[in-house]
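Chains, contacts and geometry: an overview
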Amino acid sequence: MKNLGTGSVFIELGQRPDEPGPPIHGPSSYPADVESRLEAEAATIIARYPQPRSALLPLLHLTQGEDGFLTNAGIAFCAGQLNLSHAEVTAVATFYSMYRRNPTGDYLVGVCTNTLCAIMGGDAILESLREHLGVEDGQTTDDGSITLEHIECNAACDYAPVVMVNWEFFDDQTPSSARDLVDALRSGQLPTPSRSSSLCTFRDTARILAGLPNTGAGDGGAPTGTATLAGLRIARERAMTAPTPDPQPSDTSAPPNDKAEATESVKNEPAPAPSTSIPAESSTAETDPNATDSQ
């Protein structure tokens, strides 16, 4: 509880309300055949990075593609492949919202409720889908087809309000069109996203995010929409160009070797303490020692 003077605001800390239960749960290890297959795919991913631990994010997507969410087995697999502790992997896995901590349906349907989408009807869409599907945020329908959640801004404000399915955009939605969208998903009649040519399941999407080949029906993108290009069009009409950056003055105060030695000599020193001096209020206070503070 935080007292703001005129009233109190309750601030609840902890994991997202749509992710109940322990941070990571599920089976603790994979069967031998699954482990062997994942190891081969992980080797391909890790080889792309100069440091193995840099492959942690795609490896988390890889295991999410196996289980439909992050499990203890997935955490242990990533830790073993990258020589990290379980705590290090879990810290990353629980930081990013794209890593699910509970079983997820074939289609993760996210409704943006940030400012612009909310103003344009996002809140009404989310409420309509809750009622239509009979689930709350983070819950999955009984048939396992759809998990519903509200999402933060996904930089799709040009066609708000936006609904995302496995992180594919469906632009300019209404409560009615959103209901039609989820009905089509549940019937197996996959609609075409607004900005790409195909839609695949949540697990297949996770494997694509891991950097594995897309085995779906298509991988091309839709043409860029008019609203997205509005700023570029106006800039061209008005012959607007980006300013040329000012050349940076070169620092010749010390030879390169001296700079390196100076940096090396202080790199392990503690940061300087905050200054206790208060800047002068005005130029008068700086130049006239007899000036008084009238504030």
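Residues numbered from 1 in each chain as written. Predicted model: local features only at pLDDT ≥ 70, side-chain atom pairs only at ≥ 80, totals over all residues. Heavy atoms only, no water.

Some details on the nonpolar core
Core analysis: the biggest nonpolar cluster contains 25 residues, and I45, L56, L59, L60, L62, L82 and V89 have the highest contact counts within it. Put simply, the parts of the chain that give this core at least two residues each are α1 (32-46), α2 (56-67), α3 (72-82) and α4 (86-93). Counting residues per element, this core draws most heavily on α3, at 6 residues. Sequence-distant contacts of L62, defined by excluding residues within four places in its chain, comprise L38, E41, A42, I45, F77, A206, R207, A210 and L212. Counting residues in each nonpolar core, the second largest holds 18 residues, with V111, I125, L126 and L199 among its members. (Core = buried A, V, L, I, M, F, W, Y, C linked by side-chain atoms within 4.5 Å. Buried < 20%, exposed > 50% of the residue type's maximum accessible area, 1.4 Å probe, protein only. Helix = DSSP H or I, 4+ residues; strand = E, 2+ residues; numbered from the N terminus. Contact = heavy atoms within 4.5 Å.)

Re the state of the cysteines
For the structure on display, the rule yields 0 disulfides. Here C112 is not cross-linked by a disulfide; its sulfur's nearest cysteine counterpart is in C117, at 3.6 Å. (Disulfide = S-S within 2.5 Å.)

Topic: the pattern of salt bridges
Summed over all chains, the structure comprises 10 salt bridges. Between R130 and E127 there is a salt bridge, and its shortest N-O distance comes to 3.2 Å. Here R130 pairs with E127, and both are found in helix α6 (residues 122-133), just 3 residues apart, close to one helical turn. Here R130 falls in the partly exposed class, since its relative accessible area comes to 21%. When its relative accessible area of 42% is taken as the criterion, E127 is described as partly exposed. (Salt bridge = Lys/Arg side-chain N within 4 Å of Asp/Glu carboxyl O.)

Looking at the pairing of strand β3 (residues 107-112)
Across the 6 residues that make up β3, a large majority, 6, are buried. Burial along β3 is two-sided: Y107, V109 and V111 facing one way and L108, G110 and C112 facing the other are all buried. Relative to strand β4 (residues 146-151), β3 runs parallel, the two being bridged by 6 bridges. By the bridge assignment for β4, G110 is matched with E149. As defined by bridge partners, β3 adjoins strand β5 (residues 163-165) across 3 bridges and the pair is classed as antiparallel. From the neighbouring strand, V109 faces β5, where its bridge partner is V165. (Pairing = 2+ DSSP bridges.)

Brief notes about the confidence of the model for the chain
Looking at the chain as a whole, its pLDDT mean stands at 82, while 76% of the residues score no less than 70. Scored below 50 in pLDDT, residues 282-287 shows 3 contacts in the model against residues more than four places distant or in partner chains. In this model, residues 291-295 is a region of pLDDT below 50 whose contacts with residues beyond four sequence positions or in other chains number 1 contact. (pLDDT = per-residue confidence, 0-100.)

Structural notes on the sheet that holds strand β6 (residues 168-170)
Read across the sheet, 4 strands follow the order β4-β3-β5-β6 without closing on themselves; strand pairing throughout is mixed. If you trace the sheet from one side to the other, it starts and ends with β4 and β6, each paired once. On average, adjacent strands in this sheet sit at an angle of 25° to one another, irrespective of strand direction. (Axes fitted to C-alpha atoms, helices over the stretch in contact; angles between N-to-C directions.)

Comments concerning the packing of aromatic side chains
For the coordinates displayed, the defined rule picks out 4 aromatic pairs. With centroids separated by 6.3 Å and ring planes inclined at 80°, the aromatic side chains of Y96 and Y99 adopt a geometry described as edge-to-face. Taking the relative accessible area as the measure of exposure, Y96 reaches 39% and is therefore partly exposed. Taking the centre distance of 5.7 Å and the plane angle of 45° together, the rings of W167 and F202 count as tilted. Here F202 lies in helix α8 (residues 202-209) and W167 lies in the loop between β5 and β6, a separation of 35 residues in the sequence. (Phe/Tyr/Trp six-rings, centres within 6.5 Å; stacked < 30°, edge-to-face > 60°.)

Focus on a nonpolar patch on the surface
A contiguous nonpolar patch, built from L57, F95 and Y96 and spanning about 320 Å² of accessible area, is present on the exposed surface. With respect to the helices, strands and loops of the structure, L57 is situated in helix α2. On the accessibility criterion, L57 (35% relative accessible area) is partly exposed. (Patch = residues over 30% accessible without salt bridge, like charges linked within 9 Å, V, L, I, M, F, W, Y side chains within 5 Å. Areas by Shrake-Rupley, 256 points an atom, 1.4 Å probe, with all protein chains shown as cover.)

A few points about unusual backbone geometry
Put simply, A160 and P161 share a cis peptide bond, and its omega is 0°. With respect to the helices and strands, P161 occurs in the loop between β4 and β5. For N83, which is not a glycine, the phi torsion comes out positive at approximately 55°. As for its placement among the helices and strands, N83 is situated in the loop between α3 and α4. Residue N83 is classed as exposed on the basis of its relative accessible area of 72%.

A short note on the packing of α1 against α3
Close contact between α1 and α3 brings their axes to 11 Å; oriented N to C, the two are set at 50°. As far as their axial angle goes, α3 and α1 are oblique. For the element pair α1 and α3, the recorded crossing hand is right-handed. Listed contacts from α3 to E35, L38, E39, A42 and I46 of α1 are F77, Q81 and L82. Looking at the contact of α1 with α3, its residues break down into 5 nonpolar, 1 polar and 2 charged. (Parallel < 35°, antiparallel > 145°, perpendicular 65-115°, else oblique. Left-handed = near helix turned anticlockwise from the far one by under 90°. Nonpolar A, V, L, I, M, F, W, Y, C, P; charged D, E, K, R; others polar.)

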